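Geometric and topological summary
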Amino acid sequence: MSKKILDIRELKREFQMGSETVRALKGISFEVEAGEFVTIMGSSGSGKTTLLNILGCLDKPSIGDYFLDGVDVKKLSRDELAQLRNRKIGFVFQAYNLLPRTSALENVELPLLYNREISVSERRDRAIHALEAVKLAERLDHTPSQLSGGQQQRVAIARALVNEPVMILADEATGNLDSRTSYEIMSLMQELNSQQGKTIVFVTHEPDIASFSSRTIQLRDGRIQKDTQNANQRSAKEVLAGLPITDDY
Amino acid sequence: MNFFNLIRIAYKALQRNKLRAFLTMLGIIIGVASVIAMVAIGQGSKQSIHDQLSSMGSNMITVLPSSNLNGGVRIAGSSFQTLTQKDIVALKKAQYITELSPSITSKGQAINGALNWPTSIQGVSPDYLDIRKLSLKDGIAFTEDDILTSAKVCLIGQTVIDNLFPNGENPIGKVIRFNKIPFQIIGILNPKGQNAFGQDQDDILIAPYTTIQKRILATIYYQNIYASAASEQVTDAAVSEMTQILRDSHRLRDSEDNDFTVRTQAELINTLSSTSGLLTVLLTVIAGISLVIGGIGIMNIMYVSVTERTREIGLRMSIGARGKDIMLQFLMEAILISITGGIIGVVLGIVSSNLVTLTLSWPTIVSESSVLLSFVVCAITGIFFGYYPAQKAARLDPIEALRYE
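What chain B contains, in helices and strands, is 13 helices and 10 strands. Since a compact globule built from 405 residues should have a radius of gyration of about 22 Å, the 34 Å found for chain B marks it as more spread out than a globular shape. Across chain B, every contact between residues at least 6 apart in sequence was considered, and the portion connecting residues at least 24 apart equals 78%. In the form shown here, chain B has an accessible surface area of approximately 19,400 Å², with 60% of it arising from carbon and sulfur atoms. Across chain B, the centroid of the 33 positively charged side chains sits 7 Å from that of the 31 negatively charged ones.

Glancing now at the overall build of chain A. Within chain A, the regular secondary structure consists of 8 helices and 10 strands. The C-alpha atoms of chain A give 18 Å as radius of gyration, which agrees with the globular expectation for 249 residues (18 Å, within 12%). C-alpha atoms of chain A, sized along the principal axes, occupy 50 × 45 × 45 Å. Residue pairs in contact within chain A that sit at least 24 positions apart in sequence constitute 70% of those at least 6 positions apart. Of the roughly 11,300 Å² of accessible surface on chain A, 46% is carried by carbon and sulfur atoms. Each charge class in chain A can be summarised by its mean position, and for the 32 positive and 34 negative side chains these summaries are 4 Å apart.

Together, B:Leu19, B:Phe22, B:Leu23, B:Leu26 and B:Ile30 line one region of the surface with nonpolar side chains, adding up to about 480 Å² of accessible area. Within the element layout of this structure, B:Ile30 appears in helix 2 (residues 18-55).

The subject of this paragraph is the interface of chain A and chain B. Each partner contributes residues to the interface: chain A has 29 residues there, and chain B has 29 residues. For the pair chain A and chain B, the summed buried area comes to about 2,600 Å², and 53% of that belongs to carbon and sulfur atoms. Our count for the chain A to chain B interface comes out at 3 salt bridges. A salt bridge links B:Lys12 to A:Glu106, with the shortest nitrogen-to-oxygen separation between them at 2.7 Å.

Time to look at the domain arrangement of chain B. Often the size quoted for an interface is simply the accessible area lost on bringing the parts together. Taken domain by domain, chain B holds domain 1 (3-52 + 271-403) and domain 2 (97-229). Placing the centre of domain 1 of chain B and that of domain 2 of chain B at their C-alpha centroids yields a distance of 58 Å.

What follows covers the nonpolar core. Membership of the largest hydrophobic core comes to 66 residues, with the highest contact counts inside it found for A:Leu6, A:Phe30, A:Ile40, A:Leu55, A:Tyr66, A:Leu68 and A:Met167. The biggest single contributor to this core is helix 11 (residues 323-360) of chain B, with 8 residues. Ignoring sequence-local partners within four residues, the contact set of A:Phe30 consists of A:Leu6, A:Asp7, A:Ile8, A:Ile40, A:Leu51, A:Leu55, A:Arg215, A:Ile217, A:Ile224 and A:Asp227. Residues B:Ile97, B:Leu134, B:Met242 and B:Val262 belong to the second largest nonpolar core, which totals 57 residues.

Turning to helix 8 (residues 235-249) of chain B, a few remarks are in order. All names here are of chain B. Over its 15 residues, helix 8 extends 21 Å from the first C-alpha to the last, a length consistent with the 21 Å expected when each residue adds 1.5 Å. Where helix 8 is concerned, the buried positions are Thr235, Ala238, Val239, Glu241, Met242, Thr243, Ile245, Leu246, Arg247 and Ser249. Those residues of helix 8 that are buried are in contact with strand 1 (60-65), helix 3 (85-91), strand 2 (97-112), strand 9 (224-229) and strand 10 (260-264).

The next point concerns the packing of aromatic side chains. Two aromatic rings, taken as a pair, are described by how far apart their centres are and by the angle between their planes. Residue and element names in this part refer to chain B. In the structure shown here, the tally under the stated rule is 7 aromatic pairs over all chains. Between Phe384 and Phe385 the ring centres are 5.0 Å apart and the planes differ by 85 degrees, which places this aromatic pair in the edge-to-face class. Classification of Phe384 by relative accessible area gives exposed; the value is 53%.

All names here are of chain A. Pairing is mixed across the open sheet formed by 6 strands, whose spatial order is 6-7-8-3-9-10. Each edge of the sheet is formed by a strand with only one pairing partner; in this case those strands are strand 6 (89-92) and strand 10 (223-229). Sheet twist, expressed as the average angle between the axes of neighbouring strands with direction ignored, equals 15 degrees. Bridge count between strand 3 (residues 37-41) and strand 9 (residues 215-220): 4 bridges; the pairing is parallel. Counted as the bridge partner of Met41 is Gln218 from strand 9.

To continue, consider empty space enclosed by the protein. Taken as a whole and assessed by the stated rule, the structure comprises 3 cavities of 30 Å³ or more. In this structure, the largest cavity is lined by A:Leu99, A:Thr102, A:Glu106, A:Asn107, A:Glu109, A:Leu110, A:Leu113, B:Arg8, B:Ile9, B:Lys12, B:Arg16 and B:Arg316. Sorting the residues of the lining of the largest cavity by element identifies helix 3 (104-113) of chain A together with helix 1 (3-15) of chain B as the ones contributing at least two each. Per element, the largest residue contribution to the lining of the largest cavity is 5 residues, and it comes from helix 3 of chain A.

Definitions and cut-offs
Residues numbered from 1 in each chain as written. Chains lettered and ligands numbered in written order. Predicted model: local features only at pLDDT ≥ 70, side-chain atom pairs only at ≥ 80, totals over all residues. Heavy atoms only, no water. Helix = DSSP H or I, 4+ residues; strand = E, 2+ residues; numbered from the N terminus. Rg over C-alpha atoms; globule rule 2.2 N^0.38 Å. Contact = heavy atoms within 4.5 Å. Areas by Shrake-Rupley, 256 points an atom, 1.4 Å probe, with all protein chains shown as cover. Lys, Arg positive; Asp, Glu negative; His and termini not counted. Charge placed at Lys NZ, Arg CZ, Asp CG, Glu CD. Patch = residues over 30% accessible without salt bridge, like charges linked within 9 Å, V, L, I, M, F, W, Y side chains within 5 Å. Salt bridge = Lys/Arg side-chain N within 4 Å of Asp/Glu carboxyl O. Buried area = accessible area lost by both parts, 1.4 Å probe. Domains from an automatic or database assignment. Core = buried A, V, L, I, M, F, W, Y, C linked by side-chain atoms within 4.5 Å. Buried < 20%, exposed > 50% of the residue type's maximum accessible area, 1.4 Å probe, protein only. Expected span 1.5 Å × (residues − 1). Phe/Tyr/Trp six-rings, centres within 6.5 Å; stacked < 30°, edge-to-face > 60°. Pairing = 2+ DSSP bridges. Axes fitted to C-alpha atoms, helices over the stretch in contact; angles between N-to-C directions. 1 Å grid on protein atoms, 1.4 Å probe; cavity = no way out; pocket = protein on both sides within 12 Å on 5 of 7 lines; lining within 4 Å. Points joined across faces, edges and corners; volume = space filled by probe spheres on them.

Here it is as structure tokens:
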């Protein structure tokens, strides 16, 4: 019996836009268990981004409950939410969001700076370890401008791993990358999921990317349209190996 | 987040934009440096005035004859003839006074052969040299014996030497004439230069007062009495003691005003010091304004920085920074800028003060209080002008900040 990481019940989110009320989420319920690799799909305007913000504890639902690793998010203050993000969530963004002119190591150390329980040496050790996990051990001192897009995204994944979160939350993490690099990132995600048992929630609009996950939740117009287990999950590694080797880029 | 991490985060953030941090600092650097240099120049000129007046004898007390009401008419003090030998005898008993000298001055022409020079001759007692802190470059001073015999001897100042002995001959032993009376030169006074009022203190001949009284002016009165208080601290006591002695000696009734004035050097020092103190305040205020402008520069840059780094703020919030952490980071950046600028400014201020002394030979004194004050002002400036931008950063919504373009 595996542990529930996400438990969402009848979640609604409404925004007040002048005199109009925009109902972005109209009642969503699902659960995610530890070790799952879930993609959340949907076209723009489907409520994908709103759901992501709530899952990432950046926003709170208007109505409904959200339990993250057993914590009732609704009851938390702004500062407590920040603390929760720091301990339980690892973000990976589409635009990487690395600090410019800062080494990969220091970028990865960043979340631990906001955790006062971690000493300087432990912070460094964990950051090096996280960079090793994304196969960037030789690039510790490189700044983002010295790294390729795929490498930058891997630094961002290392940053998401370093605080040992219960869930990695990726927002269109392959959106800025070419297909080969996207497959590399997905291969890394699958590896983290299968070998280290990380729970991954991956928001995307590309069905191609979703096929690498074990489960897909399809959003449409603020509701869950489809929630399916992926019977034939593709292996990104195999797809990568099957790509024609070209040297024209 | 602990304090060390906070400094680390702020330092790293500044390091990513070194030139901007430095330019922001420049306002503070110039502000602090100018405060320190201005105060140093002000203090230096104040001290030099004090020193100059002290070199005339800081515990010197001067008694002048003065007007009192005479049939309802006030008469100019200098034309009064109230100070006599009797007063000197009485004052010798005063306990707060260590040295005493009457003084009588005559103007006239000093002549050496074909050369002549208009100067003045001052008749005093041997104590006078100590009272006025005069010293001899060469020769000897006259003695009490010379006073008793009204000896025709004199000490000569450098300006008079330059005019009467232009060819560099040794004036000692030479005889010059002053208003037809021959005086033998027995000593040369060390040059003192100009006093605080621009008078040449070396354009003088000094002789026994009895000689001037009997042989030149034919008077029994003195123009001034000079005295030294035992120390600077007892000057006031000495003044009241002398006043009482002179009142007794002049047999003044309680209802009568003094027919003399007792002045101390300290009064003069205070007057001149307060003038230069005012100048210091003015200079410091101007320099202080530049410090405030430097602070506004910090605020401006911090605002720009908050806007420019909106995404960074969003990221930091998404990985667990609380509003408070963001606020403290930006506040710490402002404080680091102002304190680093303050330290550089202090060094620059001290260096430029010394440069002013070296190149312009203006006296400067870098006081610890001005260093401390400008440093504290700096830190406060950092907090004050860094607060609003930091608060703006802390209030950003992480969702919007992350999507900010």
